[in-house]
Amino acid sequence: MAPKKKKTVSVKKVVREVETIQVAIEETQNDTVLDSKAFNTTSSTTTTTTSSTVIPIQQEQVLNDTVLNKKQSDADQQPVADPIKDKQEQNDSVLASKKRKKNRKQQDQVKNDTVLKNKRQQKQNDSVLETRSKKKIKKRRKNSNSREEYKRYVFLVLKEVHPGMRISTKAMSVMNSMMNDVFERLAQESAKLVTYNRKMTLSSREIQAAVGLVFPGQLGQHAMAEGAKALASYFSSNTT
């Protein structure tokens, strides 16, 4: 058998193939690097955009959640409107206002009644005072008009002088009027003597002189003697 011919490969071809392979590897590496860079840039931009868009969306959502929570809390705090209770409360308020009006009317009526009672009592008191004052004035007038009576003393003297004698009412009234007339005359005469003597007090000397001037003759002397005896007995009784 004839020996096989060895294939000879030129070095240049091998070198060229290696270079092409290296260039291809480098190109593939560069493409991968560029792709990775592009992917990183796009991912970063997407993350930034997503982050920038996510943050305000989250804030709005949080705000909305807080607003909703507040509304729910307010709704929970506020009592539920019950129409039956509202009507009952209105009726209670109306009844309370009516009761207040009634109480005010009653208080006003009581005040008016008390005022009227006070006025009536005051009128009654005034009338009582007027009647009392009128009675007092009448008594004073009667006392001023009525003279002092000497009936008792006339009766005692009569019993001493004539114990068996009696006297009628008309005779007693005549004696009483006579005694009042004599008393007035003695008082006037004694007052004149006081003014003549320029004195301010009425003494027994003026009374004795008035008796002597009013009663004539022995009647005056007898009256003066009886008056002196009465004075002596009076002073003796006082000294003892």
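Note that the coordinates shown come from a computational prediction; the quantities given were computed from them, not determined experimentally.

Along the chain, the regular secondary structure elements total 6 helices and 0 strands. Each helix and strand of the chain, placed in order from N terminus to C terminus, yields the pattern α-α-α-α-α-α. Expressed as a percentage of the 240 residues in the chain, the buried residues total 6%. As presented, the chain carries roughly 22300 Å² of accessible surface, and 57% of it is formed by carbon and sulfur atoms.

Here a ring pair, both rings aromatic, is described through the centre-centre distance and the interplanar angle of the planes. Following the criterion strictly, the structure yields 1 aromatic pair and no others. Centre to centre, the rings of Tyr 234 and Phe 235 are 5.9 Å apart; their planes meet at 65°, and the pair counts as edge-to-face. The exposure class of Phe 235 is exposed, given its relative accessible area of 52%.

Take the layout of surface pockets next. Estimated volume of the largest pocket: approximately 800 Å³. If you trace the largest pocket, you find 22 residues lining it, with Met 179, Val 182, Leu 186, Phe 215 and Ala 223 closest to the centre. Per-element tally for the lining of the largest pocket: the top contributor is helix H6 (residues 217-239), with 9 residues. Its residues placed into classes, the lining of the largest pocket shows 16 nonpolar, 5 polar and 1 charged. Contributing to the lining of the second largest pocket are Tyr 150, Tyr 153, Val 154, Val 157, Leu 158, Val 161, Ile 167, Met 175, Met 178 and Met 179. Residue assignment for the lining of the second largest pocket shows that the elements contributing at least two residues are helix H3 (151-161) and helix H4 (169-196). Looking at which element gives the most residues to the lining of the second largest pocket, the answer is H3, with 5 residues.

Take the pattern of salt bridges next. The full count for this structure, using the stated rule, is 2 salt bridges. Arg 185 is paired through a salt bridge with Asp 181; the nearest N and O atoms lie 3.5 Å apart. With Arg 185 and Asp 181 both in helix H4 and 4 residues apart, this pair spans about one turn of that helix. What makes Arg 185 partly exposed here is its relative accessible area of 49%. The exposure class assigned to Asp 181 is partly exposed, which follows from its relative accessible area of 32%. Glu 206 is the salt-bridge partner of Lys 199, the closest N and O atoms lying 4.0 Å from each other.

With that settled, consider the packing of H4 against helix H5 (residues 204-214). Their axes nearest at 8 Å, the elements H4 and H5 cross at an angle of 120°. Taken together, the axes of H4 and H5 are oblique relative to one another. Helix-helix and strand crossings are classified by hand; for H4 and H5 the assignment is right-handed. Residues Arg 185, Leu 186, Glu 189, Ser 190, Leu 193 and Val 194 of H4 lie in contact with H5, whose contacting residues are Glu 206, Ile 207, Ala 209, Ala 210, Val 211, Leu 213 and Val 214.

Summarising the model, the chain shows a mean pLDDT of 77, and 72% of its residues fall at 70 or more. Taking the mean pLDDT of every element in the chain, the minimum, 65, falls on helix H1 (residues 11-77) and the maximum, 92, on H4.

So, on to the nonpolar core. General note: in soluble globular proteins, nonpolar side chains tend to be found buried as a group. Among the nonpolar cores identified, the biggest contains 5 residues, and these are Val 182, Leu 186, Leu 193, Ala 210 and Val 211. Of all the secondary structure elements, the ones that give two or more residues to this core are H4 and H5. At 3 residues, H4 tops the list of elements feeding residues into this core. Apart from residues no more than four positions distant in its own chain, Ala 210 is found in contact with Leu 186, Glu 189, Ser 190 and Leu 193.

Turning our attention to unusual backbone geometry. One non-glycine residue, Arg 198, lies in positive phi territory at about 60°. Taking relative accessible area as the criterion, Arg 198 reaches 79% and is therefore assigned exposed.

Residues Leu 231, Tyr 234 and Phe 235 make up a contiguous nonpolar surface patch of about 320 Å² in total accessible area. By the element assignment, Phe 235 lies in helix H6.

Each value, and the rule that gives it
Residues numbered from 1 in each chain as written. Predicted model: local features only at pLDDT ≥ 70, side-chain atom pairs only at ≥ 80, totals over all residues. Heavy atoms only, no water. Helix = DSSP H or I, 4+ residues; strand = E, 2+ residues; numbered from the N terminus. Buried < 20%, exposed > 50% of the residue type's maximum accessible area, 1.4 Å probe, protein only. Areas by Shrake-Rupley, 256 points an atom, 1.4 Å probe, with all protein chains shown as cover. Phe/Tyr/Trp six-rings, centres within 6.5 Å; stacked < 30°, edge-to-face > 60°. 1 Å grid on protein atoms, 1.4 Å probe; cavity = no way out; pocket = protein on both sides within 12 Å on 5 of 7 lines; lining within 4 Å. Points joined across faces, edges and corners; volume = space filled by probe spheres on them. Nonpolar A, V, L, I, M, F, W, Y, C, P; charged D, E, K, R; others polar. Salt bridge = Lys/Arg side-chain N within 4 Å of Asp/Glu carboxyl O. Axes fitted to C-alpha atoms, helices over the stretch in contact; angles between N-to-C directions. Parallel < 35°, antiparallel > 145°, perpendicular 65-115°, else oblique. Left-handed = near helix turned anticlockwise from the far one by under 90°. Contact = heavy atoms within 4.5 Å. pLDDT = per-residue confidence, 0-100. Core = buried A, V, L, I, M, F, W, Y, C linked by side-chain atoms within 4.5 Å. Patch = residues over 30% accessible without salt bridge, like charges linked within 9 Å, V, L, I, M, F, W, Y side chains within 5 Å.

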